[in-house]
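Single-letter residue listing:
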Amino acid sequence: MKAYELTAWLNEQHPEQAAEDWDNVGLLVGDDTRQISHVFLALDLTEETLEEAVAAGADMIVTHHPMIFSGIKKINNHTFTGRRILKLLEKGIPYYAMHTNYDIVGMADQNAQYLGLTEPQVLAVTEPQKLQGLGKTGKLPRRMTLRECGEYVKACFRLEDVRVYGDPDQTVEVAAVCGGSGKSLLADVLAAGADVYITGDIDYHTGLDAVAQGLAVIDAGHYGTEYIFMENMEREIREAFPELKVSCARVKQPYMVL
């Protein structure tokens with residue numbers, strides 16, 4: 001099949017127009033009239049990930065985070081972005097990214113499902129007519145302590161560690177979740193009346209400020225809450241295009257805890 005057949009379907013399932021204005025999604029590099037048979041999925045297109053895709057024999061790459069966010073004046077081997085673009089062109093691999101459009105039409109529901117939230121509602125509405133937006137709120141499967149909730153989040157997302165802000169013995173029941181970096185939605189979380197907020201990239205002051213306002217926070221990491229993009233997109237593409245081979249980048253945190 002042609003690359004544009006896959007990207008057209010992806011755009012139907014997770015419309016590019018749903019992305020935030022600042023974002024950069026869609027076909028970022030390559031010729032979408034090329035014939036493809038092997039799609040490689042990754043959260044980020046790092047040089048390591050690109051080498052992994054090439055070694056696997058992939059002829060199409062789809063990532064969650066876009067490799068290119070803003071304008072580029074030069075494309076050469078002197079920058080890490082330039083090297084990746086040149087490699088993609090050299091190998092003839094079309095590269096497609098689906099970021100905040102996938103966060104809104106995909107990731108929000110998946111985060112809520114992984115946590116088993118009941119009565120889910122959109123956390124921050126971006127498209128009022130479709131009741132779509134970033135993140136979800138809902139009830140945890142049972143009332144639990146914050147310490148228990150931290151362990152529960154680790155189990156749900158198969159993580160080795162999380163950071164917890166708040167009294168570990170306090171009880172929580174209503175949760176809000178936003179994959180990736182969710183500190184900009186703190187006001188929405190408070191307005192929703194959540195007891196605990198599960199997200200990533202919470203900085204020191206945001207964590208303290210949340211607790212001061214009565215909100216516990218579990219930082220499960222940017223990667224930890226979004227790597228599920230790969231396994232979910234793998235399932236979707238396999239079901240829609242059984243003739244395509246689909247493989248994923250290794251699940252590997254971008255940091256280590258010593």
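Above this text sits the structure in question.
The following paragraphs examine the structure supplied in this document.

The rules behind these values
- Residues numbered from 1 in each chain as written.
- Predicted model: local features only at pLDDT ≥ 70, side-chain atom pairs only at ≥ 80, totals over all residues.
- Heavy atoms only, no water.
- Helix = DSSP H or I, 4+ residues; strand = E, 2+ residues; numbered from the N terminus.
- Buried < 20%, exposed > 50% of the residue type's maximum accessible area, 1.4 Å probe, protein only.
- Polar contact = N/O pair within 3.5 Å; in protein donor to acceptor, adjacent residues only side chain to side chain.
- Contact = heavy atoms within 4.5 Å.
- Pairing = 2+ DSSP bridges.
- Axes fitted to C-alpha atoms, helices over the stretch in contact; angles between N-to-C directions.

## Structural notes on the side chain of Thr225
Here is step 1 of the chain: Within the secondary structure, Thr225 sits in helix α8 (residues 222-226).
Here is step 2 of the chain: Residue Thr225 is classed as buried on the basis of its relative accessible area of 0%.
Here is step 3 of the chain: For Thr225, the side chain forms a polar contact with the main-chain nitrogen of Gly180, separated by 2.8 Å.
Here is step 4 of the chain: Side-chain polar atoms of Thr225 contact the backbone oxygen of Gly221, separated by 2.9 Å.
Here is step 5 of the chain: With sequence-adjacent residues up to four places away left out, Thr225 is seen in contact with Met107, Asn111, Phe157, Gly179, Gly180, Thr199 and Ala220.

## Comments concerning the sheet that holds strand β2 (residues 38-42)
Here is step 1 of the chain: Strand order in the open sheet formed by 5 strands is β1-β4-β3-β2-β11, with mixed pairing between adjacent strands. What marks the edges here is a single partner per strand, and that holds for β1 (26-29) and β11 (245-248). Direction aside, neighbouring strands of the sheet carry axes that sit 25° apart on average.
Here is step 2 of the chain: Where β1 and strand β4 (residues 95-97) come together, 3 bridges link them in antiparallel fashion. For Val29, the partnering residue across the bridge sits in β4 and is Tyr95.
Here is step 3 of the chain: Set on the sheet, helix α2 (residues 47-56) makes contact with β2, β3 (60-63) and β11; between it and β2 the angle comes to about 160°.
Here is step 4 of the chain: Most of the contacts of helix α9 (residues 228-240) go to β2, to which it runs at about 155°, and overall it touches β2, β3 and β11.

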